[in-house]
Amino acid sequence: DPYADDPIRHPALKVNSQRPFNAEPPPELLTENYITPNPIFFTRNHLPVPNLDPDTYRLHIVGAPGGQSLSLSLDDLHNFPKYEITVTLQCAGNRRSEMTQVKEVKGLEWRTGAISTARWAGARLCDVLAQAGHQLCETEAHVCFEGLDSDPTGTAYGASIPLSRAMDPEAEVLLAYEMNGQPLPRDHGFPVRVVVPGVVGARHVKWLGRVSVQPEESYSHWQRRDYKGFSPSVDWDTVDFDSAPSIQELPVQSAITEPQDGETVESGEVTIKGYAWSGGGRAVIRVDVSLDGGLTWQVAKLDEEEQRPRKAWAWRLWQLQAPVPAGQKELNIVCKAVDDGYNVQPDTVAPIWNLRGVLSNAWHRVHVFVAP
Ligand code: MTE
Ligand code: MO
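Residues numbered from 1 in each chain as written. Chains lettered and ligands numbered in written order. Predicted model: local features only at pLDDT ≥ 70, side-chain atom pairs only at ≥ 80, totals over all residues.

### Comments concerning the site of ligand 1
Threshold: For each residue, a C-beta atom is placed from the backbone, and the residue counts as near a molecule or strand when that atom lies within 6 Å of it. Note on conventions: DSSP H or I runs of at least 4 residues are helices, E runs of at least 2 residues are strands, and numbering of each starts at the N terminus. In the scheme used here, Gly and all other residues not listed as nonpolar or charged are polar, with Ala, Val, Leu, Ile, Met, Phe, Trp, Tyr, Cys and Pro taken as nonpolar and Asp, Glu, Lys and Arg as charged.
By nearness alone, 20 residues border ligand 1, and H46, C91, G147, Y157 and G201 come closest of all. Those elements that place two or more of their residues in the shell around ligand 1 are strand 3 (43-44) and strand 8 (142-150). Of the residues that constitute the shell around ligand 1, the class distribution is nine nonpolar, seven polar and four charged.

Written as structure tokens, this is what we have:
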């Protein structure tokens, strides 16, 4: 059993798949803290978790022509300037279960919890690439990452990002060795993972083994044959993966974490809580909440956490306390967020349905009963 050596996990996690391990925190725990505690941070593994020895671990950086290749130990990585940033990581499949309700899709049934936030610390990818002789170039180029996790045929997890993002100090791409002040937990990439702020989770390669600069995107299955969006009209007979770009920056997203669907709330006043986030460093500027399915709206209160312009990498938690209209037996609670590009979420799922169930960011809807 290649999974026999996987780590022990927190019992509160809702498991979507045991082998490989995929699990999300329950909604009420997800927004209890701005920073998600490591043990309940969502986990998305495609393969068994490798057991890597930090003493012999080496990160291989393929050098530029005329530059030099690097074989970095953990100590070497610690010798680069250390940066710490708060970044929200979201899987492209977050909220896929809502797409399944429209029509069957292929993928894990994530609810609203395939998203979490941590303080990540490590070396900047641009500093490490510079030491290997890499520079920004005029022609198109990509930084390819390979994980040290692999399937029985020896194929490793891989992904890539454009070199322009990797070399941009403002993009703050990290080779992270710490998560919330601790060495990375095994499930989250020990000893080193990539953190690409504002970009889909799939590019944050864990158990990082090799970094190279190539004229084309990574040839990994997960770069080329997955994590792409398509029209609702495309099915598995007609899909042409080469026709669509790989997902990088994610669209604006929000969800209600309290109350939960089917719950009974007290009459009088209801407290609604949730999260909102957008990709590409775009800040969330507003969250609108409706108690009547979207007929009338109220503006939620956003938490006070700092949002840097163009570098708003982390989510905002929000809440709304609202009187329950007298005589209501049920409420159809809805939320939708707006980012600083004034991008909004689509109101329903059907027009954004796609065969792989990615990019599921329609208004989030929760139906609750009011106690008599
Ligand atoms: N890196 C490796 N090496 N193997 C993987 O399976 N999964 C990716 C990414 N990096 C993956 C990986 C996907 S799809 C996501 S959403 C994130 O890791 C999840 O990171 P987390 O498990 O720390 O939440
Ligand atoms: Mo993912």
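After that view, the rundown keeps rolling.
### A few points about the domain arrangement of the protein
When the parts of a complex come together, some accessible area is lost, and that lost area is often taken as the interface size. Just so we agree on the cut-off: Where a domain begins and ends is set by an automatic assignment or by a domain database.
Parsing the protein into structural domains produces domain 1 (14-243) and domain 2 (253-370). Between the C-alpha centres of domain 1 and domain 2 there is a distance of 27 Å. Of all the elements in the fold, those that place two or more residues in the side of domain 1 that touches domain 2 are helix 1 (27-30), strand 6 (82-90), helix 3 (96-102) and strand 7 (115-124). Split into classes, the residues belonging to the side of domain 1 that touches domain 2 amount to 18 nonpolar, twelve polar and ten charged.

### Things to note about the environment of T112
Note the following rule: Burial is judged by counting other C-beta atoms within 10 Å of a residue's own C-beta: 20 or more means buried, 12 or fewer means exposed, and anything between counts as partly exposed, with every C-beta placed from the backbone. Once C-beta atoms have been placed from the backbone, residue pairs whose C-beta atoms lie within 7 Å are recorded as contacts.
Tracing the chain through its elements places T112 in the loop between helix 3 and strand 7. Residue classification places T112 among the buried positions, given that 26 C-beta atoms sit within 10 Å. Sequence separation between T112 and P27 is 85 residues; the distance between their C-alpha atoms is 7.0 Å. When sequence neighbours within four positions are dropped, the list of residues in contact with T112 reads P27, R95, A255, T257 and H364.

### Focus: the environment of G280
With respect to the helices, strands and loops of the structure, G280 is situated in the loop between strand 16 (269-277) and strand 17 (284-290). Spatially, the C-alpha atom of G280 lies 7.0 Å from that of L250, the residues being 30 residues apart in sequence. In this structure G280 touches G198 and E249, once residues within four positions along its chain are discounted.

### As for the sheet that holds strand 13 (residues 208-214)
For clarity, the threshold we go by: Only when DSSP finds a minimum of two bridges between them are two strands counted as paired. In this description, a line fitted to the C-alpha atoms serves as the axis of each element, helices being fitted only across the stretch in contact, and the angle between N-to-C directions of two axes falls anywhere from 0 to 180 degrees.
Read across the open sheet, the five strands follow the order 5-4-13-8-9; overall the sheet is mixed. The outermost strands of the open sheet, each flanked by one partner alone, are strand 5 (70-72) and strand 9 (156-162). Averaged over all neighbouring strand pairs, the angle between strand axes comes to 15 degrees, with direction disregarded. Taken together, the six bridges between strand 8 and strand 9 define a ladder with antiparallel strand orientation. The partner of E146 across the bridge, within strand 9, is G158.

### Overview of the sheet that holds strand 1 (residues 14-17)
Read across the open sheet, the three strands follow the order 1-2-3; overall the sheet is antiparallel. Whereas interior strands pair on both sides, the edge strands pair on one side only; in this sheet they are strand 1 and strand 3. Inspection of the sheet shows strand 1 paired to strand 2 (residues 22-24) by three bridges, in the antiparallel sense. Bridge assignment links V15 to a residue of strand 2, and that residue is A23.

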